[in-house]
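Next come the chains, spelled out residue by residue.
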There are 2 protein chains.
Amino acid sequence: MATQVLELLSTNKVFGGELRKYKFKSAALGGLDSNFNLFLPPQATSSKVPLLVYLSGLTCTEDNGAQKGGFFGPAAAKGIALLFPDTSPRGAGIEGEDADWDFGTGAGFYLNATNPKFSKHYNMLTHVTFELPQVLGVADLPIDFSRQSIFGHSIRLYTSSFDSVVFQYRSVSAFSPICNPINCPWGQKAFNGYLQGGVSEAKEQYDATELIKSHTNPVNILIDYGTGDNFYKQGQLLPENFLKAARDAGHDESQVEVRSQEGYDHSYYFISTFAADHINFHAKFI
Amino acid sequence: MATQVLELLSTNKVFGGELRKYKFKSAALGGLDSNFNLFLPPQATSSKVPLLVYLSGLTCTEDNGAQKGGFFGPAAAKGIALLFPDTSPRGAGIEGEDADWDFGTGAGFYLNATNPKFSKHYNMLTHVTFELPQVLGVADLPIDFSRQSIFGHSIRLYTSSFDSVVFQYRSVSAFSPICNPINCPWGQKAFNGYLQGGVSEAKEQYDATELIKSHTNPVNILIDYGTGDNFYKQGQLLPENFLKAARDAGHDESQVEVRSQEGYDHSYYFISTFAADHINFHAKFI
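What counts and how
- Throughout, a residue's number is its position along its own chain's written sequence, starting from 1.
- Chains carry letters and ligands carry numbers; both start at the beginning, A for chains and 1 for ligands, and go up in the order they are written.
- Thresholds applied to this predicted model are a pLDDT of at least 70 for local features of residues and 80 or more for the giving and counting of side-chain atom pairs; totals over whole chains, interfaces and linings are not thresholded and use all residues.
- Excluded from the side-chain calculations are hydrogens and water; all other atoms, namely the structure's heavy atoms, are used.
- UniProt positions are given in the numbering used here, feature names are shortened, and annotations may be inferred rather than shown by experiment.
- The numbering of helices and of strands both runs from the N terminus, where a helix is a DSSP run of H or I of at least 4 residues and a strand a run of E of at least 2.
- It is over C-alpha atoms that the radius of gyration is taken, and the globule rule equals 2.2 Å times the number of residues to the power 0.38.
- Burial classes: relative accessible area under 20% of the type maximum marks a residue as buried, over 50% as exposed, and values in between as partly exposed (1.4 Å probe, protein chains only).
- Whether two residues touch is decided by their heavy atoms; if any such pair falls within 4.5 Å, the residues are in contact.
- Here the Shrake-Rupley method, with its probe set to 1.4 Å, supplies the accessible areas, and only the displayed protein chains count as covering residues.
- Here a polar contact is taken to be a pair of N or O atoms separated by no more than 3.5 Å, where protein atoms must pair a possible hydrogen donor with a possible acceptor and residues adjacent in sequence count only if both atoms sit in side chains.
- Here the copies are superposed with least squares, the fitted atoms being C-alpha atoms of residues at a pLDDT of at least 70 in both.
- Throughout this description, the term salt bridge denotes a Lys or Arg side-chain nitrogen within 4 Å of a carboxyl oxygen of Asp or Glu.
- This arc corresponds to the set of directions leading from the helix axis out to the C-beta atoms.
- Working definition: a ring pair exists when centres of Phe, Tyr or Trp rings (six-membered ring for Trp) sit within 6.5 Å. Plane angles under 30 degrees give stacked, over 60 give edge-to-face, the rest tilted.
- Put simply, buried area is how much 1.4 Å-probe accessible surface two parts lose in total, over both of them, once they are put together.
- Charged residues are taken to be Asp, Glu, Lys and Arg, nonpolar residues to be Ala, Val, Leu, Ile, Met, Phe, Trp, Tyr, Cys and Pro, and polar residues to be all remaining types, Gly included.
- Strand pairing is assigned whenever DSSP detects at least two bridges linking the two strands.
- Note on definitions: angles span 0 to 180 degrees between N-to-C directions of axes, and those axes are lines fitted to C-alpha atoms, for helices only across the stretch in contact.

Going by what an unreviewed UniProt entry lists, chain A is known as S-formylglutathione hydrolase and is assigned to Mycena sanguinolenta. Quoted verbatim from the Catalytic activity (unreviewed entry) field of UniProt, the annotation for chain A is "S-formylglutathione + H2O = formate + glutathione + H(+)". The record held by UniProt for chain A lists under Function (unreviewed entry) the comment "Serine hydrolase involved in the detoxification of formaldehyde."

J.: Mind showing me how you'd approach the overall build of chain A here?
T.: Tallying secondary structure elements over chain A gives nine helices and nine strands in all. The globule rule puts the C-alpha radius of gyration for 286 residues at 19 Å, and the 18 Å found for chain A is close to it. Each of the three principal axes of chain A carries a C-alpha extent, and together these read 45 × 45 × 35 Å. Counting the 286 residues in chain A, one finds 60% classified as buried. In chain A, 68% of the contacts between residues at least 6 apart in sequence involve partners at least 24 apart. When the accessible area of chain A is evaluated, it comes to approximately 10,600 Å², of which 49% is carbon and sulfur surface.

J.: What am I meant to see in the side chain of B:His153 here?
T.: All names here are of chain B. With respect to the element layout, His-153 can be found in strand 6 (residues 143–153). A relative accessible area of 6% places His-153 in the buried class. A polar contact is formed between the side chain of His-153 and the backbone oxygen of His-266, at a distance of 3.0 Å.

J.: It is not clear to me how the relation of the copies chain B and chain A should be interpreted in this structure. Could you clarify?
T.: Both copies of the chain are related through a single rotation about an axis accompanied by a shift along the same axis. Once turned by 180° and shifted 0.0 Å along the axis, chain B lies on chain A with an RMSD of 0.0 Å. Taken together, these values place the two copies in the relation of a two-fold axis. No C-alpha of chain B approaches the rotation axis more nearly than that of B:Lys68, which lies at 2.5 Å. Both copies share a contact surface, since 100% of the interface residues of chain B are interface residues in chain A too.

J.: Would you take a moment to explain the pattern of salt bridges for this structure?
T.: Should the charged atoms of two oppositely charged side chains come close, the side chains can pair. Residue and element names in this part refer to chain A. Taken as a whole and judged by the stated rule, the model has 28 salt bridges over all chains. Across the pair Arg-20 and Glu-18 runs a salt bridge whose closest N-O atoms are separated by 3.2 Å. The closest approach of N and O atoms between Asp-33 and Lys-23, which form a salt bridge, is 3.9 Å. Highlighted residues: Asp-33 in strand 3 (residues 32–40) and Lys-23 in strand 2 (residues 17–26), separated in sequence by 10 residues.

J.: What's the story with helix 4 (residues 185–194) of chain A in this structure? I'm lost.
T.: Side chains of residues three or four places apart in an α-helix project in the same direction, reflecting 3.6 residues per turn. Residues and elements named next belong to chain A. Those residues of helix 4 that sit buried are Trp-186, Gly-187, Ala-190, Phe-191, Gly-193 and Tyr-194. Here the buried residues of helix 4 occupy an arc of 165° about the axis, which is enough to place them on one side. Lining the buried residues of helix 4 we find helix 5 (198–203) and helix 7 (230–233).

J.: Looking at this model, I keep getting lost on the UniProt feature "active site" (unreviewed entry) in chain A. Mind explaining?
T.: Residue and element names in this part refer to chain A. With numbering matched to this structure, UniProt assigns "active site" (unreviewed entry) to Ser-154, Asp-229 and His-266. A maximum C-alpha distance of 11.0 Å among these annotated residues, which run over 113 residues, shows that they cluster at one spot. Among residues more than four places away in sequence, those in contact with Ser-154 are Gly-57, Phe-175, Ser-176, Pro-177, Ile-178, Trp-186 and His-266. Locating His-266 in the fold gives a position in the loop between strand 9 (256–261) and helix 9 (268–283). Taking the relative accessible area as the measure of exposure, His-266 reaches 13% and is therefore buried.

J.: I tried to follow the packing of aromatic side chains on my own but got confused; where do I start?
T.: For any two aromatic rings, the description comes down to two numbers: the centre-to-centre distance and the angle of the planes. Tallying each qualifying case throughout the model produces 52 aromatic pairs over all chains. Centroid distance A:Trp186 to A:Phe231: 4.6 Å. Interplanar angle 50°. Geometry classified as tilted. You can see A:Trp186 sitting in helix 4 and its partner A:Phe231 sitting in helix 7, a full 45 residues away along the chain. Site record: aromatic cluster; members linked through ring pairs are A:Phe39, A:Tyr54, A:Phe71, A:Phe72, A:Phe84, A:Phe151, A:Phe175, A:Tyr264, A:Phe270, A:Phe274 and B:Tyr269.

J.: How should the interface of chain B and chain A be read in this particular structure?
T.: The accessible area lost on association of the parts is a frequent measure of interface size. Across the contact, 20 residues belong to chain B and 20 residues belong to chain A. Taken together, both faces of the contact between chain B and chain A bury some 1,700 Å²; the carbon and sulfur share is 52%. For chain B, the biggest contributors to the area lost against chain A are B:Lys13, B:Gln67 and B:Tyr269; these three give 40% of the whole. On inspection of chain B and its partner chain A, the count reaches zero salt bridges. Connecting chain B to chain A are 11 residue pairs in polar contact (both at pLDDT 80 or more). Residue assignment for the side of chain B that touches chain A shows that the elements contributing at least two residues are strand 1 (7–14), helix 1 (64–68) and helix 9 (268–273) of chain B. Residue classes in the side of chain B that touches chain A are distributed as eight nonpolar, eight polar and four charged.

J.: Looking at this structure, I do not really get the pairing of strand 6 of chain B. What am I missing?
T.: Walk down a regular strand and you will see the side chains alternate between the two sheet faces. Residue and element names in this part refer to chain B. Summarising the sheet, strand 4 (residues 49–55) and strand 6 pair through six bridges and their orientation is parallel. In the sheet register, Val-53 faces strand 6, and the bridge partner there is Ile-150. Across five bridges, strand 6 lies against strand 7 (residues 169–175) in parallel orientation. Note on strand 7: the bridge partner recorded for Gly-152 is Ala-174.

J.: What should I look at first to understand the sheet that holds strand 1 (residues 7–14) of chain A in this one?
T.: To summarise the sheet geometry, strands pair through backbone hydrogen bonds and adopt either a parallel or an antiparallel arrangement. Residues and elements named next belong to chain A. Reading across the sheet, the nine strands line up as 1-2-3-5-4-6-7-8-9 and stay open at both edges, with mixed pairing between neighbours. Only two strands of the sheet have a single partner each, and these edge strands are strand 1 and strand 9. Averaged over all pairs of adjacent strands, the angle between strand axes in this sheet comes to 20°, irrespective of strand direction. Inspection of the sheet shows strand 7 (residues 169–175) paired to strand 8 (residues 221–226) by four bridges, in the parallel sense. Looking across to strand 8, one finds that Ala-174 is bridged to Ile-223.

J.: Which parts of the structure should I look at to understand helix 8 (residues 239–248) of chain A?
T.: All names here are of chain A. For helix 8, the set of buried residues is Pro-239, Phe-242, Ala-245 and Ala-246. Take helix 8 and look down its axis: the buried residues cluster within an arc of 130°, on one side only. More than 90 degrees from the buried face of helix 8, the exposed residues found are Lys-244 and Asp-248. The inward-facing, buried residues of helix 8 contact helix 6 (208–213), strand 8, helix 7 and strand 9. Just downstream of helix 8 lies Gly-250, where phi reads positive at about 90°.

Structure representation (structure tokens):
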């Protein structure tokens, strides 16, 4: 059996650390080539460093967060590695996967598809949560996998991950995330397309607001959204729903902080403004 | 006669300030539409602020520095407005202007063309140095035009500008600039294309290394380049030539600092790493 091989596509020195772009054949994505970016802070040359995963939003690739997020300075200061996966499989060749910007290519929603049409390739949950750390571990990169957290932009608040009994992340944060996807158009479209059971199947696995209701262990969650964000205004994000569910379930401000940022929109200008806040938040836990 | 009209295309809140993208009909560029980005720091809501102009490199637009430079945090902290012009006229319709990535569209070299083929439109020197400040002034934006500096990436060190007797800039800095363009392929190609007198015409106006030789007034110049930059290795940048000429002309380290940054390349990852250094450098003078 062939060993997984990471192909190094490029390296860039940045803030004293190194950004590496890799390609490999992803088993989780049905054998398709998949790219990711990995930032190793300067501290990684002498010791293992914790890992913070960044999930980019609709239409994005592994590059958007790396190029525009403004994460490297704060991450270098805190000695944190950053992993930027792609947002979907590429080149699966499934009919219609390139038709819409909010479904299919560039919009995998970080779930595992159960609709047979997509289930061979669209398994971004497994790819992000299990396959990439495993691949990095096999490659013997200087990462302490016992210290992992996750953050991201827009595409669903990655809340399966706050169940640290099942998943490995110590803290979760997001910029303008889709907090209650079963109740918004983006989420409904994605779930009805990717999942055999559609929205009702998603409710138990992929909806942050539903999941937090029955989650009793302590969590570490930070959310920022902008009041000038058109997707927020259109009801795609619904952070209030998540906040209420979290409070009702007994998660107070020390566990779940949801910040409304006056006048900011959905762009990377917003993200970069609060990049250091999020890195510093995770640094407390990893 | 019609008044110049700035059309506001978009705004984004960033680091407490505002990024505005404008379009207007540029007289300097022969009546073509031209875009620029303007960052106003939070301080601009209560007082006039100094202006720092950023000149992007080959193939770029007004967006590259704004999206990837990492300038807004440091500029907001110092209360400095940032102006991002485009790198060339767009849509002049001149035969061959789109044939190469290093000449024509996206590669105006911030000069005023004298070759009749280009001279109606390719007047980026006038556009950047005179027209844009004038247009911003007419629009009554909260900028103190007595306090201006300039920095940029790659395309020629904007050294006409260090002659503050003629130009308005108090300080000049650059990331991996073309320091001696009459002696490198990029510069020679540009000058022979845009200027009637070719390289010899450029020598007196557009070559930083030549110009500094006879420049006796004090200057404030900071240059960073990376030793991993392939364009540096290929002899396109020639920072050593500029440094030697500056020292020979009596400009010591307090006036001209040229820093070699180990392992960094020509990308925005390099630029973003030293973004705060450059903003803070200019803040001392404006």
